[in-house]
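So the chains spell out like this:
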Amino acid sequence: GAVVSQHPSWVICKSGTSVKIECRSLDFQATTMFWYRQFPKQSLMLMATSNEGSKATYEQGVEKDKFLINHASLTLSTLTVTSAHPEDSSFYICSARGGTSGPENYEQYFGPGTRLTVT
Amino acid sequence: GQSLEQPSEVTAVEGAIVQINCTYQTSGFYGLSWYQQHDGGAPTFLSYNALDGLEETGRFSSFLSRSDSYGYLLLQELQMKDSASYFCAVLMNYGGATNKLIFGTGTLLAVQP
């Protein structure tokens with residue numbers, strides 16, 4: 001099956017610093033990548049959607065200047081949390097989809113997640 | 001906006017059958033997926049229903065009624081390893097070029113011996 005990796009798996013940073021999280025599709029070309037955030041015992045909340053070579057589309061309420069997303073190639077997307085604060089501590093999960101954008105293409109493959117702790 | 005509601009917790013014993021319901025309110029609906037997530041892990045795909053009816057995959061089955069905006073996941077012959085969170089997720093498009101997967105509130109299933 002399709003594999004998506006994330007790096008790092010966990011990170012601790014100080015308040016005010018920036019953190020970059022990488023998401024890679026290892027055995028397929030990801031035309032679309034998604035970033036989710038999950039707080040403990042809660043659901044996955046979609047933060048943004050990115051298509052290779054295009055600007056990311058952010059969900060309502062997500063600050064695009066705080067969560068910078070780059071989808072520079074068909075196998076790599078990065079999420080940078082800028083000027084991190086303790087309330088940004090969360091589990092960040094990326095997901096990737098290859099192929100067409102039609103409704104017949106429904107399966108997304110999820111990375112293992114990155115646990116961010118801001119002190 | 002959109003909403004997907006699930007029961008927060010379900011408890012069952014090994015070997016039993018459990019049904020996890022999902023009701024949704026969305027526009028641009030394409031289909032309903034189910035994902036399993038063990039604590040601290042990645043969501044893993046279980047099933048997808050685009051049309052009304054029941055889809056069976058081994059011990060798991062999923063049902064969709066588009067007219068009722070309702071679906072459920074049925075787990076049979078429960079095993080301890082089935083203890084996890086289960087999420088319904090709607091594949092939808094709300095005006096952009098890309099279809100998106102929006103997750104429900106999640107159901108924590110505890111399987112007891």
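Just so you know, these numbers come straight off a predicted model, no measurement behind them.

Participant: Outline the overall build of chain B, listing residues and values.
Facilitator: In terms of helices and strands, chain B carries 0 helices and 11 strands. Going from the N terminus to the C terminus, chain B shows its helices and strands as β-β-β-β-β-β-β-β-β-β-β. In summary, chain B has a C-alpha radius of gyration of 14 Å against a globular reference of 13 Å for 113 residues, a match within 12%. Overall, chain B is about 45 × 30 × 20 Å in size when its C-alpha atoms are taken along their principal axes. Looking at chain B as a whole, 50% of its 113 residues are labelled buried. Taking all contacts inside chain B whose residues are at least 6 apart in sequence as the whole, residues at least 24 apart take part in 57%. Counting every atom, chain B has about 5100 Å² of accessible surface; 49% of that belongs to carbon and sulfur. Averaged over its 4 positive side-chain charges, chain B has a centre that lies 9 Å from the centre of its 10 negative ones.

Participant: Account for the interface of chain B and chain A, with residues named and values stated.
Facilitator: Across the boundary between the two partners, chain B contributes 21 residues, which contact 26 residues of chain A. For the chain B and chain A pair, buried surface summed over both sides reaches about 1800 Å², with 57% attributable to carbon and sulfur atoms. For the chain B face of the interface with chain A, the top three residues by lost area are Thr98, Asn99 and Phe103 of chain B, together amounting to 24%. Summed over the shared surface of chain B and chain A, the result is 1 salt bridge. Between glutamate 59 of chain A and lysine 100 of chain B there is a salt bridge, with the nearest N and O atoms lying 2.9 Å from each other.

Participant: For the environment of proline 43 of chain B, give the residues involved together with the corresponding values.
Facilitator: Residue and element names in this part refer to chain B. When you line up the elements, proline 43 lands in the loop between strand E4 (29-37) and strand E5 (44-49). Accessibility expressed as a relative area gives 4% for proline 43, which makes it buried. Linking proline 43 and asparagine 21, residues 22 residues apart in sequence, is a C-alpha distance of 18 Å.

Participant: Residues and numbers for the nonpolar core, please.
Facilitator: In terms of nonpolar packing, the biggest core is built from 38 residues, with Tyr36 of chain A together with Leu32, Leu75, Tyr86 and Phe103 of chain B touching the most fellow members. It is strand E9 (residues 84-92) of chain B that provides the largest number of residues to this core, a total of 8 residues. Setting aside residues no more than four positions away along its own chain, leucine 75 of chain B makes contact with Ala16, Ile17, Val18, Ile20, Arg59, Phe60, Tyr86 and Leu109 of chain B. Residues Cys23, Met33, Tyr92 and Ala96 of chain A belong to the second largest nonpolar core, which totals 23 residues.

Participant: Tell me about the state of the cysteines, residues and numbers included.
Facilitator: A full pass over the atoms with the stated rule returns 2 disulfides over all chains. With its sulfur 2.0 Å from that of its partner, cysteine 23 of chain A forms a disulfide with cysteine 94 of chain A. Across the S-S bond of cysteine 23 of chain A and cysteine 94 of chain A the torsion is about 75°, and the bridge reads as right-handed. Taken as a pair, cysteine 23 of chain A in strand E3 (residues 19-25) and cysteine 94 of chain A in strand E9 (residues 90-97) lie far apart in primary sequence, 71 residues in all. Pair check on accessibility: cysteine 23 of chain A and cysteine 94 of chain A agree, each one buried. Across the disulfide, cysteine 22 of chain B is cross-linked to cysteine 88 of chain B (sulfur-sulfur distance 2.1 Å). With the S-S bond torsion at 70°, the cross-link from cysteine 22 of chain B to cysteine 88 of chain B turns out right-handed. Placement of cysteine 22 of chain B in strand E3 (residues 18-25) and of cysteine 88 of chain B in strand E9 is noted, with a sequence separation of 66 residues between them. For the pair cysteine 22 of chain B and cysteine 88 of chain B, one class covers both residues: buried. Residue cysteine 13 of chain A stays outside any disulfide, its sulfur separated by 18 Å from that of cysteine 94 of chain A, the closest cysteine.

Conventions adopted
- Residues numbered from 1 in each chain as written.
- Chains lettered and ligands numbered in written order.
- Predicted model: local features only at pLDDT ≥ 70, side-chain atom pairs only at ≥ 80, totals over all residues.
- Heavy atoms only, no water.
- Helix = DSSP H or I, 4+ residues; strand = E, 2+ residues; numbered from the N terminus.
- Rg over C-alpha atoms; globule rule 2.2 N^0.38 Å.
- Buried < 20%, exposed > 50% of the residue type's maximum accessible area, 1.4 Å probe, protein only.
- Contact = heavy atoms within 4.5 Å.
- Areas by Shrake-Rupley, 256 points an atom, 1.4 Å probe, with all protein chains shown as cover.
- Lys, Arg positive; Asp, Glu negative; His and termini not counted.
- Charge placed at Lys NZ, Arg CZ, Asp CG, Glu CD.
- Buried area = accessible area lost by both parts, 1.4 Å probe.
- Salt bridge = Lys/Arg side-chain N within 4 Å of Asp/Glu carboxyl O.
- Core = buried A, V, L, I, M, F, W, Y, C linked by side-chain atoms within 4.5 Å.
- Disulfide = S-S within 2.5 Å.

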